[in-house]
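Survey of secondary and tertiary structure
Take a look at the letters that make up each chain.
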Amino acid sequence: MSRLGQFQILVFINVLLMLSAESRKIQLVNDDDLESSNEGEIKGKQWAVLVAGSNDYTNYRHQADICHAYQVLRKGGLKEENIIVFMYDDIAFSPENPRPGVIINKPYGEDVYNGVPKDYTKEAVNATNFYNVLLGNESGVAGGSGKVLKSGPLDTIFIYYADHGSPGLLAMPSGEDVLAKDFNEVLEKMHKLKRYNKMVIYVEACEAGSMFEGILKDNLNIYALTASNSQESSYGSYCPDTNPPSTSEYDTCLGDVFSISWLEDSDLHDMSKETLKQQYQIVKRRTGYDVEQASHVCQFGSEEMLKDYLVSYIGTNPENGNFTFTESPSSSPISRAGLVSPRDIPLLYLERKIQKAPMGSPERGEAQKKLFDMMNHRKQIDQSIIEILRLSLKQTNVSNLLTSTRTTGQPLVDDWDCFKTLITSFKSHCGATVDYGLKYTGALANICNMGVDVKQTVSVIEQVCTIK
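Residues numbered from 1 in each chain as written. Predicted model: local features only at pLDDT ≥ 70, side-chain atom pairs only at ≥ 80, totals over all residues. Heavy atoms only, no water.

**With respect to the packing of aromatic side chains**
One pass over the structure, following the stated rule, counts 17 aromatic pairs. A centroid spacing of 4.6 Å and a plane angle of 15 degrees characterise the contact between phenylalanine 86 and tyrosine 120, whose relative ring orientation is stacked. With phenylalanine 86 in strand E4 (residues 83-86) and tyrosine 120 in the loop between E4 and helix H3 (127-135), this residue pair connects regions lying 34 residues apart in the sequence. Residues phenylalanine 86 and tyrosine 120 agree in their burial class; the two are buried. When the centroid spacing of 5.5 Å and the interplanar angle of 90 degrees are considered together, the rings of tryptophan 416 and phenylalanine 419 count as edge-to-face. Placement of the pair is tryptophan 416 and phenylalanine 419 together in helix H10 (residues 416-430), with a separation of 3 residues, close to one helical turn. The two residues tryptophan 416 and phenylalanine 419 agree in class, both being buried. These aromatic residues form a ring-pair network of at least three members: Phe86, Tyr120, Phe130, Tyr131, Tyr161, Phe183, Phe212 and Phe300. (Phe/Tyr/Trp six-rings, centres within 6.5 Å; stacked < 30°, edge-to-face > 60°. Helix = DSSP H or I, 4+ residues; strand = E, 2+ residues; numbered from the N terminus. Buried < 20%, exposed > 50% of the residue type's maximum accessible area, 1.4 Å probe, protein only.)

**Considering the confidence of the model for the chain**
Per-residue confidence for the chain gives a mean pLDDT of 89, with 86% of residues at or over 70. Predicted confidence for residues 6-13 stays below pLDDT 50, and this span has 2 contacts to residues more than four positions away or in other chains. (pLDDT = per-residue confidence, 0-100. Contact = heavy atoms within 4.5 Å.)

**A look at the state of the cysteines**
Cysteine pairs can be covalently joined through their sulfur atoms, and such a bond is termed a disulfide. Taken as a whole, this structure holds 3 disulfides when the rule is applied. Here cysteine 239 pairs with cysteine 253 through a disulfide, and the sulfurs are 2.0 Å apart. Across the disulfide from cysteine 239 to cysteine 253, rotation about the S-S bond amounts to roughly 110 degrees, and the bridge is consequently right-handed. Of this pair, cysteine 239 sits in the loop between strand E11 (236-237) and strand E12 (255-256) while cysteine 253 sits in the loop between E11 and E12, placing them 14 residues apart in sequence. When sorted by exposure, cysteine 239 lands in the same class as cysteine 253, which is buried. Disulfide pairing places cysteine 430 opposite cysteine 465 at an S-S distance of 1.8 Å. Measuring the twist about the S-S bond at about 80 degrees, one finds the cysteine 430-cysteine 465 disulfide to be right-handed. With cysteine 430 in helix H10 and cysteine 465 in the segment after helix H12 (454-464), this residue pair connects regions lying 35 residues apart in the sequence. For cysteine 430, a relative accessible area of 7% gives the class buried. Disulfides within the chain link the bonded cysteines, taken in sequence order, as 1-2, 3-5, 4-6. (Disulfide = S-S within 2.5 Å.)

**Comments concerning the packing of helix H8 (residues 345-356) against helix H9 (residues 362-393)**
Axis angle and axis distance: for two packed helices, these are the angle between their axes and the distance between the axes, and together they describe the pair. Two elements in contact, H8 and H9, have axes separated by 8 Å at closest approach and are oriented at 155 degrees. By the angle between their axes, H8 is roughly antiparallel relative to H9. Crossing geometry of H8 relative to H9 is assigned as left-handed. Together, Pro346, Leu347, Leu350, Glu351, Lys353, Ile354 and Gln355 of H8 and Arg364, Ala367, Gln368, Lys370, Leu371, Met374, Met375 and Arg378 of H9 make up the contact between the two elements. (Axes fitted to C-alpha atoms, helices over the stretch in contact; angles between N-to-C directions. Parallel < 35°, antiparallel > 145°, perpendicular 65-115°, else oblique. Left-handed = near helix turned anticlockwise from the far one by under 90°.)

**Focus on the sheet that holds strand E7 (residues 169-170)**
The strand order E6-E7-E8 describes an open sheet built from 3 strands, whose pairing is antiparallel. If you trace the sheet from one side to the other, it starts and ends with strand E6 (165-166) and strand E8 (178-179), each paired once. Looking at chain direction, E7 and E8 are connected through 2 bridges and run antiparallel. In the strand pairing of E8, leucine 169 is matched with leucine 179. (Pairing = 2+ DSSP bridges.)

**Focus: the pattern of salt bridges**
Counted under the stated rule, the structure contains 20 salt bridges. As a salt-bridge pair, aspartate 308 and lysine 198 come within 3.0 Å of each other at their nearest N and O atoms. A residue pair is termed long-range when its members are at least 10 positions apart, and aspartate 308 in the loop between strand E13 (298-301) and helix H7 (311-314) and lysine 198 in strand E9 (residues 198-204) qualify at 110 residues. Assessed through its relative accessible area of 13%, aspartate 308 is described here as buried. (Salt bridge = Lys/Arg side-chain N within 4 Å of Asp/Glu carboxyl O.)

**Brief notes about the layout of surface pockets**
The computed volume of the largest pocket comes to approximately 890 Å³. Every residue lining the largest pocket is counted, 39 residues in all, and those nearest its centre are Asp56, Thr58, Pro346, Met374 and Asp435. The set of elements that each furnish at least two residues to the lining of the largest pocket consists of H8 and H9. Residues that form the lining of the largest pocket fall into these classes: 15 nonpolar, 10 polar and 14 charged. (1 Å grid on protein atoms, 1.4 Å probe; cavity = no way out; pocket = protein on both sides within 12 Å on 5 of 7 lines; lining within 4 Å. Points joined across faces, edges and corners; volume = space filled by probe spheres on them. Nonpolar A, V, L, I, M, F, W, Y, C, P; charged D, E, K, R; others polar.)

**Considerations on helix H6 (residues 276-287)**
Along its 12 residues, H6 runs 16 Å from first to last C-alpha, staying within 8% of the 16 Å computed at 1.5 Å per residue. When we look at burial in H6, the residues that qualify are Leu276, Gln278, Gln279, Tyr280, Ile282, Val283, Arg286 and Thr287. Check the buried side of H6 and you find it contacts E9, strand E10 (222-226), helix H5 (257-268), E13 and H7. Directly beyond the C-terminal end of H6, a positive phi value near 95 degrees is found at glycine 288. (Expected span 1.5 Å × (residues − 1).)

**Side note on the sheet that holds strand E5 (residues 156-162)**
In space, the 6 strands of this open sheet follow the order E4-E3-E5-E9-E10-E13, with mixed pairing throughout. Single-partner strands in this sheet number two, and they are E4 and E13. The sheet shows a mean angle of 10 degrees between the axes of neighbouring strands, taken without regard to direction. With 4 bridges joining them, strand E3 (residues 46-52) and E4 adopt parallel strand pairing. Bridging from a neighbouring strand, leucine 50 pairs with valine 85 of E4. Against the sheet, helix H2 (residues 60-75) contacts E3, E4, E5 and E9, and its axis sits at roughly 165 degrees relative to E3.

**Some words on the side chain of serine 230**
With respect to the helices, strands and loops of the structure, serine 230 is situated in the loop between E10 and E11. Residue class for serine 230 comes out buried when judged on its relative accessible area of 13%. At 3.2 Å, the side chain of serine 230 and the backbone nitrogen of serine 210 are in polar contact. Within the local environment of serine 230, its side chain forms a polar contact with the side chain of glutamate 213, the two groups lying 2.4 Å apart. Excluding its chain neighbours within four sequence positions, the residues that come into contact with serine 230 are Pro167, Glu207, Gly209, Ser210 and Glu213. (Polar contact = N/O pair within 3.5 Å; in protein donor to acceptor, adjacent residues only side chain to side chain.)

As C-alpha cells, this is what we get:
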C-alpha cells in the first residue's frame, strides 16, 4: 500500500475517533439532566409539591406530616430545588409548642422541621398559588419564594396534601378552598401541556376520596391514594390519652394515621424494591380498614402504575438497602383506641387545657369558655343544616340527606357552580368552617343534585343562619 493510502486511512480513523468522542460528550451532557431508575433505565427529573392546608396549633399534625415528608424525599435523593413546600409555619415557634423551633411527627421522634424550605407560608398558602405552582406559571404566584414546577414530559411528580377536608373540597388557610372539580381540571391541563410523564398524589383528609371519585380520568398517568373514601372521616394519631399516646407535654395530635403509615414505611424500607401496590397494602392494613370506625384507604386513576417502584417518585434512602417491605412490624393496624376524629381534636385540645390548668385559674376559665362556645356553635350548625334542607327541599324528614346520597363511582355533584355558591353562603352566613361545619357539604351537594334553584337556597341560608 502506498504512503498516501496509509495516510488516508489514518486520517479516516482519526475522524471516526473524533466523532465518537463528540457523540459521547453530547451523551454525557444529556445524561446530566437525567437520573437513573433502580432498574438502570433513564427517566426524567423527580419533582414534589407538599401542602399543609391548615393553620393553628391544634392542627399541629398537618405541618408535622408535611415536614416529615420533606425529610423522606431529601433522604431519598430528591433535590431541594425540585421540592416545593406549602405550610403556614405558625407551629414551630407557637407559644403552645413545648419544644420551640422543633416539630416531631411521633412520640419522642426526631425534629422534622429543621431544613424545611419556606416556599409558601402564611397567606401565600392558598389555592391560586397551589394551582399556578402545579402549572409552572411563575407570573401567577404571589407572596412566596416564586418556585414553581418546571417539569417536562419525561419527569415524575409527587403531590402530598395533608389537611382538613369535606365532601368535594380540601381546605386552605387563606382564600378559597381547593374544590375537586378545579383540582382535576388543573391535573388535566398539566397532562395536556405534557408537564409530566407520571404523577402520584397522596391525600390525607376527611372524605378525601370525593376529590377523585367519578372525576379523575384513568388515562392521565396519575395514581391517587386517599386516606378515606368519599363519605368518612380520616383519623389523627399519636394523640393525648390514646394508644399509642403523644408525649405528656403535647396537648394535640402529632400525626395522622394514613400519613404516618406511609411515612414510617418509607423511613424504614428500600423504595427501589417496594411498589405503589405494596405500599398501598401496608398503609391500608395499618390505617385499620378492618377496624370498626377506621377509614378506608382508596385508590384512583391509572391502575397500571401500581407496579411502579416508589423510588421513581419519592426516591429511597441508601441506608435502607437491606430492608424490604415485608420485614417491618410497623405495618400492624393501629388499634381503635389510637384513632381520633379530626373534628374532635379541637375539643380534645381544650379538654386537656382544662385538665392541666389549676382550679380557678384564668387559663382554666378561658379554656372552659372556648369549649362551651365551640360546642354551642356546633349545635347551631347541626340545627341550621337540617332547617336549610327542610326549607329548600320542602321536606320534613331530611336526616338521610345530611351526607351525600351519590352511589360509589359517581362524582359528588354535577353542578359545581351551584355547589360552590352554596358553600360560600354557608360559610359566610352560618360561620361554617372546615374543622366541623363543612362536613355538611354533602348535604349542600344533594340540594344541587335535586335541581333546587340556587338563589332560593341562598335566601334560605341567609334566613336560617345568623352569626352572633
